Amino acid sequence: MEKKKNDNYHDQQNIQNIQKMRDVLDTLPSFCKQFFRGITEYTSTRTRLAYAYDIRVFFEYLHDRNPHCAKMEITEYPISILEQITREDIEEYLEFLSYYEKDGQVYTNDERGKKRKLSALRSFYNYYFQTELIKNNPAVLVPLPKLHDKEIIRLDADEVAILLDQVEDGTNLTKAQKRYHNATKTRDIAMLTLLLGTGIRVSECVGLDLGDVDFKNNGIKIRRKGGYEAVVYFGEEVEDALKDYWEERHHIIPQSGHENALFLSMQNRRISVRAVENMVKKYSSTVTSLKKITPHKLRSTYGTSLYRETGDIYLVADVLGHKDVNTTKKHYAALEDERRRSAANKVKLRERKND
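Residues numbered from 1 in each chain as written. Predicted model: local features only at pLDDT ≥ 70, side-chain atom pairs only at ≥ 80, totals over all residues. Heavy atoms only, no water.

A tally of regular secondary structure across the protein chain gives 14 helices and five strands. Buried residues in the protein chain amount to 42% of all 355 residues. Taking the contacts inside the protein chain whose residues are at least 6 apart along the sequence as the reference set, 59% of them involve residues at least 24 apart. Total accessible area on the protein chain stands at roughly 21200 Å², and carbon and sulfur atoms take up 47% of it. (Helix = DSSP H or I, 4+ residues; strand = E, 2+ residues; numbered from the N terminus. Buried < 20%, exposed > 50% of the residue type's maximum accessible area, 1.4 Å probe, protein only. Contact = heavy atoms within 4.5 Å. Areas by Shrake-Rupley, 256 points an atom, 1.4 Å probe, with all protein chains shown as cover.)

This is the structure in structure tokens:
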């Protein structure tokens, strides 16, 4: 598919996802196409592609492990094969997902990975069941794995300062890294300060165009998960870092098709999510006192700071782009408990008498 020169980041990602989706569908039974057409209106291309990958793992498992399914190629499976699968088959599939090898590579899934794959399979089965193309729905009989809460790793205020200082001076970088440090320092500070100061996702950050930055109101227009647009506002520290990079950015000649991108790579192309992840890893690894940091943990750091300052979980949910405030409450449950404990001594009923 030919790309338009001025497609923005999100359009390009959707095109890539559609192309990958077509490749995956060529490896699946033909009846699968109906399912993916049926969910197009209320799912993103990214979600559908993830479903396709997960459903392919399921069919590959059946082909390798189920004697009946092994008799024909996956692409030749009729829709009736879905009704021949039992609850026990799906439970064994989830057990298989814990550890398996394919093409010399080892794959593992924890409870979250298993839940995601079972959720995809449930949606898949549910579609054919509701459209009355199958009479049995064994996937709904298998309970979703229970998830255990993970401790949220976030940076303390002093750790944020240490990280940003390291980006500025680069003293602990390797010789090879230092060669490029002066060329990327201003950009890296701007990106890290933006991530720490707004809590936006990495995909939202790399998708920013020059026209999305509004210094008059100190806001950025981003595309959230699900495709809707939102404006996120930033403070003076982010403003200063962005303006420093802004001046530098206007002296760079981008490659064709990347003229509008705010953050550019060393090759003068729109920087990728993977490049930002590697950048965060590079700087955090140079500071031995820091926790293992990923871009998502920078987002958690912002969410924690905002909640501690405001005590407003609904505001935190809105700024972070959580559609359901319960998602936010789950992530920041420990902080909510901390606030509830502090409330115990806030209200005084009577003045204590002096002994």
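This part takes up helix 5 (residues 111–130). The end-to-end C-alpha separation of helix 5 is 28 Å, in line with the 28 Å expected for 20 residues at 1.5 Å each. Along helix 5, the residues classified as buried are Gly-113, Lys-114, Lys-117, Leu-118, Ala-120, Leu-121, Phe-124, Tyr-125, Tyr-127 and Tyr-128. You can read the cap of helix 5 off the contacts: a side-chain oxygen lies 3.0 Å from the backbone nitrogen of Arg-112, and it is on Asp-110. One or two positions beyond helix 5, positive phi appears at Glu-132, with a value near 60°. (Expected span 1.5 Å × (residues − 1). Polar contact = N/O pair within 3.5 Å; in protein donor to acceptor, adjacent residues only side chain to side chain.)

Unlike most non-glycine residues, Asn-218 shows phi in positive territory, near 50°. Structurally, Asn-218 can be placed in the loop between strand 3 (213–214) and strand 4 (219–223). A residue is classified by how much of its surface remains accessible, and Asn-218, at 13% relative accessible area, is buried. Of note, the phi angle at Asn-268 is positive, near 60°, even though the residue is not glycine. Mapped onto the elements of the fold, Asn-268 is located in the loop between helix 9 (236–249) and helix 10 (273–285).

Let's shift gears to helix 6 (residues 157–169). Note on helix geometry: an α-helix contains 3.6 residues per turn, so any two residues three or four positions apart are oriented the same way. For helix 6, which comprises 13 residues, the first-to-last C-alpha distance of 19 Å matches the rise-based estimate of 18 Å (1.5 Å per residue) to within 8%. In the core, the buried residues of helix 6 are packed alongside helix 7 (175–198), helix 10 and helix 11 (295–310). Count one or two residues on from helix 6 and you reach Gly-170, which has phi positive near 60°.

Its place among the elements puts Asn-66 in the loop between helix 3 (45–65) and helix 4 (87–96). What makes Asn-66 buried here is its relative accessible area of 16%. Spatially, the C-alpha atom of Asn-66 lies 9.6 Å from that of Ile-85, the residues being 19 residues apart in sequence. Apart from the residues within four sequence positions on either side, Asn-66 is in contact with Tyr-61 and Asp-89.

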